[in-house]
Amino acid sequence: MRLDKFILKSTELTKIEVVQRINAGQVSVNGHVVENEANQVHESNTILLNGAQLKARDFRYILMHKPAGTICSNIDEVYPSVFNYLEVEHVSELHIAGRLDADTTGLVLITDDGRWSFNITTPTKECRKVYRVGLSRPIAEDVASKFQQGILLQGEQKLTRPAKLEIVSPQEVLLTITEGKFHQVKRMFSAVGNRVVSLHREAIGAVCLDVDVGQWRYLTDLEVQSFSN
Ligand code: URA
């Protein structure tokens, strides 16, 4: 990670203060003064600020039940940010591994570990996301096989990856996908002549939503490890 990011993660300094300290020659990495804040460092490096060794704070892994009418952004925009529900320090260091639309509810995973969230969001890792979908009209018989084979969404070059459709009732289904294109679930049903009227994420990988709306908890070590492959 960048040197300035490491120092932000290991002190209570602001971004501006971090850059000032680095530019003033107060920081050394493995015995050498480094004055460029963009230099790459590793957590295992010996990084000193005015002679005192720094240690990055432990990574955090959080599960939250996103309410409707909130956004997965670090700042409030038209809708309030989901981060308003988190009572933790250094919220600006956190990001969401796989965002949901403002009107979508359900499971979001929140972390400050970019390598970990990469395993969740990168399609080649094939991490399963399960959505409960309410539809405007009864599901057609051929949709499960179309989704299994992959469909071409408007504006895309490649077919969607194989997705699993389970029918709960004529207008309610469970859809499991392993990628996260922009508005993917809504676009998939639109491509087969239907419309999503409610969307709720129930699971990501082996982690299932088990807290009430607006509530959150830290993941267990086992849950964290289940995404580290
Ligand atoms: N697909 C969508 O269309 N919206 C979401 O919020 C998540 C997946």
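Residues numbered from 1 in each chain as written. Predicted model: local features only at pLDDT ≥ 70, side-chain atom pairs only at ≥ 80, totals over all residues. Heavy atoms only, no water.

With respect to the overall build of the protein chain
Inference 1: The secondary structure content of the protein chain amounts to six helices and 13 strands.
Inference 2: C-alpha extents for the protein chain along the principal axes are approximately 70 × 35 × 35 Å.
Inference 3: The 229 residues of the protein chain split such that 45% are buried.
Inference 4: Taking the contacts inside the protein chain whose residues are at least 6 apart along the sequence as the reference set, 62% of them involve residues at least 24 apart. (Helix = DSSP H or I, 4+ residues; strand = E, 2+ residues; numbered from the N terminus. Buried < 20%, exposed > 50% of the residue type's maximum accessible area, 1.4 Å probe, protein only. Contact = heavy atoms within 4.5 Å.)

Concerning the nonpolar core
Inference 1: By size, the foremost hydrophobic cluster in this structure holds 31 residues, and its most contacted members are Leu86, Ile110, Val133, Phe147, Leu175, Val185 and Phe189.
Inference 2: Those elements that provide at least two residues to this core are strand 5 (61-66), strand 7 (105-111), strand 8 (129-135), helix 4 (143-149), strand 10 (172-177), helix 5 (184-191) and strand 11 (196-204).
Inference 3: Contacts of Val133, omitting those with residues within four sequence positions, involve Gln171, Glu172, Val173, Leu175, Val185, Phe189, Val196, Ser198 and Leu199.
Inference 4: By size, the runner-up hydrophobic cluster in this structure holds 15 residues, among which are Ala97, Ile204, Val224 and Phe227. (Core = buried A, V, L, I, M, F, W, Y, C linked by side-chain atoms within 4.5 Å.)

A word on the domain arrangement of the protein chain
Inference 1: What the domain assignment reports for the protein chain is domain 1 (3-53) and domain 2 (128-204).
Inference 2: For domain 1 and domain 2, the distance between their C-alpha centres works out to 46 Å. (Domains from an automatic or database assignment.)

Brief notes about the packing of aromatic side chains
Inference 1: In total, this model carries four aromatic pairs according to the counting rule given.
Inference 2: A centroid spacing of 5.2 Å and a plane angle of 80° characterise the contact between Phe147 and Phe189, whose relative ring orientation is edge-to-face. Residue Phe147 is found in helix 4, and its partner Phe189 is found in helix 5; the two are separated by 42 residues along the sequence. As far as the burial class goes, Phe147 and Phe189 line up, both buried.
Inference 3: The rings of Tyr61, Trp116 and Phe227 are connected pair by pair, giving a single aromatic cluster. (Phe/Tyr/Trp six-rings, centres within 6.5 Å; stacked < 30°, edge-to-face > 60°.)

Brief notes about the sheet that holds strand 2 (residues 32-33)
Inference 1: Strands sit in the order 2-1-3-4 across an open sheet of four strands; the sheet is antiparallel. Each edge of the sheet is formed by a strand with only one pairing partner; in this case those strands are strand 2 and strand 4 (52-53).
Inference 2: One ladder, built from two bridges, connects strand 1 (residues 27-29) with strand 2; its direction is antiparallel. Following the sheet pairing, Ser28 is matched in strand 2 by Val33. (Pairing = 2+ DSSP bridges.)

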